[in-house]
Amino acid sequence: MGSHVPPEHIPTIEIDDHASSYAWLVMLRGPRRGRLYPLKPEGVSLGRGEANDICLDDESVSRFHARIVAEPGPSGLQFIVQDLASVNGTFVNGERITRQALKDEDRLQLGNTVLVFKQL
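Residues numbered from 1 in each chain as written. Predicted model: local features only at pLDDT ≥ 70, side-chain atom pairs only at ≥ 80, totals over all residues. Heavy atoms only, no water.

A. How the structure looks around the environment of H65. Note that H65 resides in the loop between β4 (54-55) and β5 (66-73). Sequence separation between H65 and G47 is 18 residues; the distance between their C-alpha atoms is 4.7 Å. Other than its neighbours up to four places away in sequence, H65 contacts L46, G47, S60, Q82, D83, L84, S86, G89, T90, L110 and G111. A polar contact of 3.4 Å, which involves the side chain of H65, links it to the side chain of T90. (Helix = DSSP H or I, 4+ residues; strand = E, 2+ residues; numbered from the N terminus. Contact = heavy atoms within 4.5 Å. Polar contact = N/O pair within 3.5 Å; in protein donor to acceptor, adjacent residues only side chain to side chain.)

Have a look at this one:
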């Protein structure tokens, strides 16, 4: 059997009232499953290379795979994911993208790694 943790047993994480970001990624599939990655409005880079803000230990992820930045949107900041000409592509909810605005609960796939976007 797998090591599935029922939702009622997942600890609640408090968000600091003074946090610069109220958006984050949660790793659903990958070597750091369950890890939270806060997103900064000025942007974060994702990839296999150690110079990235979010370093993904996945050989199917390019060294510099994607970038997420915040831009003004109709109802406040919206986070935009942009593929950085990666070999295996960037997918949002199963569709290959080059640039797309993210919505709460969108699934982001880079190589074999899957993350879910969360925004308050």
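B. Structural context of the sheet that holds strand β11 (residues 113-119). A sheet is described by the order of its strands in space; here 6 strands give the open sequence β2-β1-β11-β10-β7-β8, paired in antiparallel fashion. Strands with a single pairing partner mark the edges of an open sheet, and in this sheet they are β2 (36-38) and β8 (95-97). Averaged over all pairs of adjacent strands, the angle between strand axes in this sheet comes to 30°, irrespective of strand direction. Strand direction decides the pairing type here: strand β1 (residues 23-29) and β11, joined by 6 bridges, are antiparallel. Each bridged residue has a counterpart across the sheet, and for W24 the counterpart in β11 is K118. (Pairing = 2+ DSSP bridges. Axes fitted to C-alpha atoms, helices over the stretch in contact; angles between N-to-C directions.)

C. Spatial organisation of the sheet that holds strand β3 (residues 44-47). Across the sheet, which stays open at both edges, the 5 strands sit in the order β4-β3-β5-β6-β9 with mixed pairing between neighbours. Two strands close off the open sheet at either side, each with one partner strand: β4 and β9 (99-101). Taken together, the 3 bridges between strand β6 (residues 76-83) and β9 define a ladder with antiparallel strand orientation. Bridge assignment links Q82 to a residue of β9, and that residue is R99.

D. Quick peek at the pattern of salt bridges. What the rule picks out here adds up to 5 salt bridges. As a salt-bridge pair, R99 and E71 come within 2.4 Å of each other at their nearest N and O atoms. Taken as a pair, R99 in strand β9 and E71 in strand β5 lie far apart in primary sequence, 28 residues in all. For the salt bridge of D106 with K103, the shortest nitrogen-to-oxygen distance reads 3.7 Å. Look at the salt bridges and you will find they share partners, linking D104, E105 and K118 into a network. (Salt bridge = Lys/Arg side-chain N within 4 Å of Asp/Glu carboxyl O.)

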